[in-house]
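Per-entry structural report
Here is how the chains run, residue by residue.
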There are 2 protein chains.
Amino acid sequence: MIDKLIEGIKKKEAPIVVGLDPTEKLIPDYIIKKSIDRYGETLEAMGEAVWEYNKGLIDALYEHIPAVKPQIAMYERYGLAGLAAFKRTTDYCREKGLIVIGDVKRGDIGSTSAAYADAHLGTVKVGSKVIAPFGEDFATVNPYLGSDGIRPFVDVCKEHHKGIFVLVKTSNPSSGEYQDRLVDGRPLYEHVAGNIAAMASDCMGSTYSYIGAVVGATYPEQGRILRSLMPKSFILVPGYGAQGGKGADLVHFFNEDGLGAIINSSRGIIGAYQNEKYAHFGQEGYAEAALAAVKDMKEDIAQALA
Amino acid sequence: MIDKLIEGIKKKEAPIVVGLDPTEKLIPDYIIKKSIDRYGETLEAMGEAVWEYNKGLIDALYEHIPAVKPQIAMYERYGLAGLAAFKRTTDYCREKGLIVIGDVKRGDIGSTSAAYADAHLGTVKVGSKVIAPFGEDFATVNPYLGSDGIRPFVDVCKEHHKGIFVLVKTSNPSSGEYQDRLVDGRPLYEHVAGNIAAMASDCMGSTYSYIGAVVGATYPEQGRILRSLMPKSFILVPGYGAQGGKGADLVHFFNEDGLGAIINSSRGIIGAYQNEKYAHFGQEGYAEAALAAVKDMKEDIAQALA
């Protein structure tokens, strides 16, 4: 799957992933209104609104980007109806040739992590049938429980040719509270990175490993160090755009081959129509606004890398 | 909600919580077979089997225990049908007066944690309606992202009178990989505990805080230290039974008032019928076997505390 991701990045000249994180604030009012008119004031109405919104975005963007990253929390928030919209979104994206990075940040003790891995990247057997419960291509994983909480994901990745991105240094303001604390003279995130690098070297695609890392765009200096500590891992970089990261901050997340990083933007793309710069598209042009924002983001990153 | 939990523990003389973690290995074959006969080899069949299994357990146990802890991974593994069984289980438990601790181990950047908190402990507004998407009473939370990933859960707890248990020292073998690393001369988990204690003192029920911690029964020595570092927090203690923890290991997790800890057992209770000691109940007596195991667990803990 990492090879397919790299192929998509090269073909579409876009080391970017769009975060499909639908919230009431981002979904145009007319979509929500139409859905409530039809399904009443229910979670089903919100699930349908999420799906319609996403479908518009996917149809506008799929030829221009290699991957999407739905943040499952935004779907879980609408309960079962929201998760049905997550599944529908995932299926539709894969139908359109997009790689789906499930931003699920799961992680637990071994047997429980194995269940999460089956749910998101693997399959479950029912009688003689083999079924993929959610069927993403990549998932994000939380490392706090140590390697026996990560290994079940790695096993499922091996079997099903999928991949993971393990949280190393997250993009939020308080990420340093534990991640930056010095352990044997080095920040904790470097220890996490060292363990990922060791796992990654055993899990190689053609040129890169399918065991990657998450490092926030908001911490470019750490990005530079982490890039060198995990030479074979792709880095998933959230925090571009709305969270404050800029193209120039991203250079050090890439290797000299121009690969090794994929930059995520969520609100900055899917909510572009709310941004003054793209406001002329209007609510109903939300998907076209998103496409314009994707093109600008591609340009920003290309310039930074040039 | 912490007051209600304490009331339940006192009334039922049981500082215990049963982990409702249904897997193919634990659900009796006859239940799975019946469900597949009816729904085919589908995830729906597994969702129904999970629900029937859980209902039997809940009906047998609800008068004897204050709380249950469904591990959502075991439901997520069956996709949408599994999560529907999770919701049905949660609703039914609350109907029966049981407190539901959603073992979800969520945690993300602020806005995303807020979505998870709404999903599991709070409500969502759709038009003029206010709806609880999953409606657990407590949730477990992962601290790796720092306090801005935890605070949204605290805010929702305050508003909706719910509670959380934050992972401090987990029960799995490799939990020490990061959690035990020394930071300023003290293990990382003590730093996490210190932050929880500070939050907890601002979030008090009548005698205990609704901000608790998770500390594995498999680490009794650490339990003793963490107990004193978080005097006002309830400690949720997994790892009793199948994972190796024994009654005698649990003493130090409790305060001198005999409160402050709630011990979880999952497989040891819900899979008791597979244990030689309770095998005479047979598959169809799985719920009675679970009840016998609960009574033995209560006795084991009472003796240890005496």
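Residues numbered from 1 in each chain as written. Chains lettered and ligands numbered in written order. Predicted model: local features only at pLDDT ≥ 70, side-chain atom pairs only at ≥ 80, totals over all residues.

**Some remarks on the overall build of chain A**
For clarity, the threshold we go by: Helical segments are the DSSP runs of H or I of at least four residues, strand segments are the runs of E of at least two, and each set is numbered from the N terminus. Residue burial here comes from a neighbour count, namely the number of other C-beta atoms, placed from the backbone, that lie within 10 Å of the residue's own C-beta, with 20 or more meaning buried, 12 or fewer meaning exposed, and in between meaning partly exposed. Contact definition: two residues whose C-beta atoms, as placed from backbone geometry, lie within 7 Å.
Tallying secondary structure elements over chain A gives 12 helices and 12 strands in all. Expressed as a percentage of its 306 residues, the buried residues of chain A come to 61%. Counted over contacts in chain A with a minimum sequence separation of 6, partners at least 24 positions apart contribute 71%.

**A word on unusual backbone geometry**
Positive phi, normally seen in glycine, also occurs at Asp184(A), with a value near 50°. Inspection of the secondary structure puts Asp184(A) in the loop between strand E8 (182-183) and strand E9 (186-187). For His161(B), which is not glycine, the phi dihedral falls at a positive 55°. Topologically, His161(B) is positioned in the loop between helix H7 (147-160) and strand E7 (163-169).

**Comments concerning helix H1 (residues 2-11) of chain B**
Since the α-helix packs 3.6 residues into each turn, any two residues three or four apart lie on the same face. Residues and elements named next belong to chain B. Selection criterion: The arc under discussion is defined with respect to the helix axis, by the directions toward the C-beta atoms.
When H1 is considered as a whole, its buried residues turn out to be Ile2, Leu5, Ile6 and Ile9. What you see down the axis of H1 is that its buried residues fit within an arc of 95°, all on one side. Looking at the buried side of H1, the elements it contacts are strand E2 (67-68), strand E3 (99-106), E7, strand E10 (209-215), strand E11 (233-237) and strand E12 (261-265). In the stretch just after H1, Glu13 is the one whose phi turns positive, near 45°.

**Looking at the packing of helix H3 (residues 43-61) of chain A against helix H5 (residues 79-95) of chain A**
Residues and elements named next belong to chain A. To be explicit about the condition: Throughout, an axis means a line fitted to C-alpha atoms (over the contacting stretch in the case of helices), and angles, computed between N-to-C directions, take values from 0 to 180 degrees. What sets the label is the angle itself: under 35 degrees gives roughly parallel, over 145 gives roughly antiparallel, 65 to 115 gives roughly perpendicular, and the rest give oblique. Crossing handedness: left-handed means the near helix sits turned counterclockwise from the far one by under a right angle, and right-handed means the same turn made clockwise. When residues are grouped by polarity, Ala, Val, Leu, Ile, Met, Phe, Trp, Tyr, Cys and Pro land in nonpolar, Asp, Glu, Lys and Arg in charged, and all others, Gly among them, in polar.
Axis separation between H3 and H5 bottoms out at 7 Å; the angle between their running directions is 20°. By the angle class used here, H3 and H5 are roughly parallel. The way H3 lies across H5 gives a crossing that is right-handed. Across the interface between the two elements, Leu43, Glu44, Met46, Gly47, Val50, Trp51, Asn54, Lys55 and Ile58 from H3 touch Gly79, Ala81, Gly82, Ala84, Ala85, Arg88, Thr89, Tyr92 and Cys93 from H5. Grouping the amino acids of the contact of H3 with H5 by side-chain chemistry returns 10 nonpolar, 5 polar and 3 charged.

**A word on the interface of chain B and chain A**
Many analyses report the size of an interface as the accessible area lost when the parts associate. Each partner contributes residues to the interface: chain B has 58 residues there, and chain A has 59 residues. A total of 6 residues in the side of chain B that touches chain A trace back to one element, the largest contributor, which is helix H6 (residues 110-120) of chain B. Grouping the constituent residues of the side of chain B that touches chain A by class yields 29 nonpolar, 18 polar and 11 charged.

**A short note on the relation of the copies chain B and chain A**
Note that the two copies of the chain are related through a rotation about an axis and a translation along the same axis. For clarity, the cut-off: The copies were overlaid by least squares, fitting only the C-alpha atoms of residues that reach a pLDDT of 70 or more in each copy.
With an RMSD of 0.0 Å, the operation that places chain B on chain A is a rotation of 180° combined with a shift of 0.0 Å along the axis. Both copies are brought into coincidence by an operation consistent with a two-fold rotation axis. A symmetric contact is evident, with 100% of the interface residues of chain B recurring at the interface of chain A.

**A few points about the sheet that holds strand E7 (residues 163-169) of chain A**
Residue and element names in this part refer to chain A. The following threshold applies: Criterion used throughout: strands pair if DSSP finds at least two bridges between them.
Taken together, 8 strands build a closed barrel; the order of strands is E1-E2-E3-E6-E7-E10-E11-E12 and the barrel is parallel. Where strand E1 (residues 16-18) lies against strand E2 (residues 67-68), 2 bridges are found, and the strand directions are parallel. Each residue of the ladder has a partner; that of Val17, found in E2, is Ala67. On top of the sheet, helix H7 (residues 147-160) reaches strand E6 (138-141), E7 and strand E10 (209-215); it is set at about 150° to E7, its chief contact.

**A word on H6(B)**
Extensive coverage of H6(B) is indicated by the burial of 10 of its 11 residues. For H6(B), every residue scored as buried is listed here: Ser111(B), Thr112(B), Ser113(B), Ala114(B), Ala115(B), Tyr116(B), Ala117(B), Asp118(B), Ala119(B) and His120(B).

**Quick word on the packing of helix H9 (residues 188-201) of chain B against helix H10 (residues 220-229) of chain B**
All names here are of chain B. In the contact formed by H9 and H10, the axes pass within 9 Å of each other and the chain directions differ by 30°. Taken together, the axes of H9 and H10 lie roughly parallel to each other. Considering the relative orientation of H9 and H10, their crossing is right-handed. Judged by residue contacts, Tyr189, Glu190, Ala193, Gly194 and Ala197 of H9 engage Gln222, Leu226 and Leu229 from H10. Grouping the constituent residues of the contact of H9 with H10 by class yields 5 nonpolar, 2 polar and 1 charged.

**Concerning the environment of Ala197(A)**
All names here are of chain A. Residue placement: Ala197 occurs in helix H9 (residues 188-201). Taking the number of C-beta atoms within 10 Å as the measure of exposure, Ala197 has 19 and is therefore partly exposed. Considering only alpha carbons, one finds Ala197 and Thr207, 10 residues apart in sequence, at a separation of 14 Å.

**Some details on the confidence of the model for chain A**
Quick reminder of the rule: Per-residue confidence from the predictor is reported as pLDDT, a score between 0 and 100.
In this model, chain A carries an average pLDDT of 96, and 99% of its residues clear a pLDDT of 70 or more. Across the predicted assembly, pTM comes out at 0.97 and ipTM at 0.97.

**Some remarks on the sheet that holds E3(B)**
Two strands in a sheet stick together by hydrogen bonds in their backbones, pointing the same way (parallel) or opposite ways (antiparallel). All names here are of chain B. Sheet architecture is closed into a barrel: 8 strands sit in the order E1-E2-E3-E6-E7-E10-E11-E12, paired in parallel fashion. The pairing of E11 with E12 spans 3 bridges and is parallel. Within E12, the residue paired with Leu236 across the bridge is Ile262. Across the sheet, helix H12 (residues 286-305) lies against strand E1 (16-18) and E12, angled at about 155° from E1, the strand it touches most.

**Points about the pairing of strand E11 (residues 233-237) of chain A**
All names here are of chain A. To keep things clear, this is the line we draw: Viewed with both strands pointing away, a crossover whose connecting path from the first strand over the helix to the second turns clockwise is right-handed.
For E11, the tally of buried residues reaches 5 of 5 residues, placing the bulk of the element in the interior. Here E11 shows a buried face lined by Ser233, Ile235 and Val237 and a second buried face lined by Phe234 and Leu236. Taken together, the 3 bridges between E10 and E11 define a ladder with parallel strand orientation. Bridge assignment links Ala213 to a residue of E11, and that residue is Ile235. Taken together, E10, helix H10 (residues 220-229) and E11 constitute a β-α-β crossover, and its handedness is right-handed.

**A look at the nonpolar core**
The test is simple: Note on terminology: a nonpolar core is a set of buried residues of type Ala, Val, Leu, Ile, Met, Phe, Trp, Tyr or Cys, with members joined through C-beta atoms within 7 Å.
Counting 220 residues, the largest nonpolar core has Ala290(A) and Ala290(B) as its most contacted members. Beyond its immediate chain neighbours, meaning those up to four positions away, Ala290(A) contacts Leu57(A), Ala60(A), Leu61(A), Ile269(A), Ile270(A) and Ala272(A).

**Digging into the environment of Tyr286(B)**
Residue and element names in this part refer to chain B. Position of Tyr286 relative to the elements: it lies in helix H12. Sequence separation between Tyr286 and Lys33 is 253 residues; the distance between their C-alpha atoms is 16 Å. Filtering out sequence-adjacent residues up to four positions away, Tyr286 remains in contact with Pro28, Gly56, Tyr273 and Phe281.

**With respect to the environment of Val237(A)**
Residue and element names in this part refer to chain A. For Val237, the position within the fold is in strand E11. In the structure, Val237 is positioned 95 residues away from Asn142 in sequence and 15 Å away in space, judged by C-alpha atoms. The contact partners of Val237, leaving out residues within four places of it in the chain, are Val215, Gly216, Ala217, Leu250, Phe253, Ala261, Ile262, Ile263 and Asn264.

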